[in-house]
Amino acid sequence: MLLTSIIAFLLIFTGVIMAHELGHFVTAKLSGVKVEEFGIGYPPRMFGIKRGETIYSVNWLPIGGFTKMSGEEDPSATRSLASKSCATRALVLGAGAIVNALLPFILLSAAYMLPHDVVKHQLVVTDIVHDSPAEDAGLMPGDIILAINGKTIENYGDLQRYIELNLGKEITMLVQTPHDTQESKPVIPRWKPPEGQGRIGFKMDIVEGSEEISRRSEPFFKSISMGVRDTFQTMALYKNSLLGLFIGNSSAQLTGPVGIAQMTGEVARYGISPLLELAGFLSLSLAIMNLLPLPALDGGRLVFVFLEWIRRGKRVSPQTEGKVHFAGFVMLLVLMLVLTFQDIARIISGG
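Here is what the cut-offs are and how they apply
- Note that residues are indexed from 1 along each chain, following the sequence as it is written.
- With the structure being a predicted model, the display of local features is reserved for residues of pLDDT at least 70 and the display and counting of side-chain atom pairs for 80 or more, all residues being used for whole-chain, interface and lining totals.
- Values shown for side chains rest on all heavy atoms present in the structure; no hydrogens or waters enter the calculation.
- Counting from the N terminus, the helices are DSSP H or I runs at least four residues long and the strands are E runs at least two residues long.
- Exposure is judged per residue with a 1.4 Å probe applied to protein chains only, and the accessible area is read against the type maximum: over 50% gives exposed, under 20% gives buried, and values in between give partly exposed.
- Note on areas: Shrake-Rupley with a 1.4 Å probe; residue coverage comes only from the protein chains shown.
- Asp and Glu count as negative and Lys and Arg as positive, but His and the ends of the chain are not part of the count.
- A charged residue contributes its charge at one atom only: NZ of Lys, CZ of Arg, CG of Asp or CD of Glu.
- Fitting a line to C-alpha atoms yields each axis, with helices limited to the stretch in contact; the angle taken between N-to-C directions then spans 0 to 180 degrees.
- Small angles under 35 degrees read as roughly parallel and large ones over 145 as roughly antiparallel, with 65 to 115 read as roughly perpendicular and the rest as oblique.
- Throughout, a contact is declared for two residues whenever any of their heavy atoms are within 4.5 Å.
- The residue classification treats Ala, Val, Leu, Ile, Met, Phe, Trp, Tyr, Cys and Pro as nonpolar and Asp, Glu, Lys and Arg as charged. All others, Gly included, are polar.
- Salt-bridge detection follows one rule: a side-chain nitrogen of Lys or Arg within 4 Å of a carboxyl oxygen of Asp or Glu.

A. Quick peek at the overall build of the protein chain. When you go through the protein chain residue by residue, the secondary structure sums to nine helices and ten strands. Along the first, second and third principal axes, the C-alpha atoms of the protein chain reach 80 × 45 × 45 Å. Counting every position in the protein chain, which comprises 351 residues, the buried fraction comes to 40%. A total of about 19300 Å² of accessible surface is found on the protein chain, and carbon and sulfur atoms cover 65% of it. When the 31 positive and 32 negative side-chain charges of the protein chain are each reduced to one mean point, those points stand 14 Å apart.

Next comes the structure, spelled out in structure tokens:
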């Protein structure tokens, strides 16, 4: 199990990062920027082959990869990135995130095409919180959730997803009452519910005997449609998570490589299809993270390009920009170490 987790983690994590780096590599080449090295993994170098002006290397640390371009901050270097126009630099710097944002469309579609297990069960309301949206909507203990806004609810994951996608908006819940009648009840999930009450204010349980696991493989065009739908829904969930941080209804939950490896190992037990889904979500996370305006990340470099543009070509000195990105890189390393220790402590304690 440990070996499976490690192999699955390395394949997924490195694959997602290499897709990111490939975006930088291709746009740099097409833009006339000199690419000094394109590496799989991180140094020290295992071996490298030089083709033209670029070294293609395989390195000993098998996590991720890199694209080393000439003069990323120094415009005086030969065919440097920094010597290109603001538009070209923005394209090259943003290309990695663009590829990571597009990759989930492919991965999630492929996940639906492959045979995969689908868990189905019915959910019944067991308790209603006083003065909550559930009470206002007339939901009662014994109601079975059938659909939300016309979308069939097959399991708890479906219910949670549709609620989180519609925070602050009215949704229509179709329920089967204890009297075997069906009723539509309008509910507005809350952005900031009281602690322990949940978005709507009810408790649920699985209807005894309703659990069912089926093996499913979707046709090509239906898989594409479902993959596109899931990708946009995931983007919306990320948006709501970020808004939740500002509103104060949720806290940031970060995990490092060890935590991701643990998660990958758990998902790997269920087959290739769930692994592709996880890879898609990680790719989208990487796209969003890299566009954050933080030093050393692509978003931080784009900030300097934007500053140069609004200052009509007056750039921050290469030395100053280099120092800022170096400081940001050190901070990211420290954060990674903290998250690693946090993940290890959580695993040791049984989390």
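From this point, the discussion proceeds with the structure in view.
B. Structural detail: the packing of helix 2 (residues 86-113) against helix 8 (residues 298-310). At a minimum axis separation of 10 Å, helix 2 and helix 8 run at an interaxial angle of 170°. Overall, the two elements helix 2 and helix 8 adopt an arrangement that is roughly antiparallel. Contact residues: helix 2 offers Cys 86, Arg 89, Ala 90 and Leu 93, while helix 8 offers Asp 298, Arg 301, Leu 302, Val 305, Glu 308 and Trp 309. Tallied by class, the residues present in the contact of helix 2 with helix 8 amount to six nonpolar, no polar and four charged.

C. Inspection of the pattern of salt bridges at higher detail. Enumeration according to the criterion identifies 14 salt bridges in this entry. A salt bridge links Lys 185 to Asp 143, with the nearest nitrogen and oxygen atoms 3.2 Å apart. Highlighted residues: Lys 185 in strand 8 (residues 182-187) and Asp 143 in the loop between helix 3 (133-137) and strand 5 (144-148), separated in sequence by 42 residues. Classification of Lys 185 as buried rests on a relative accessible area of 6%. On the accessibility criterion, Asp 143 (1% relative accessible area) is buried.

These figures come from the coordinates and say nothing about function on their own.
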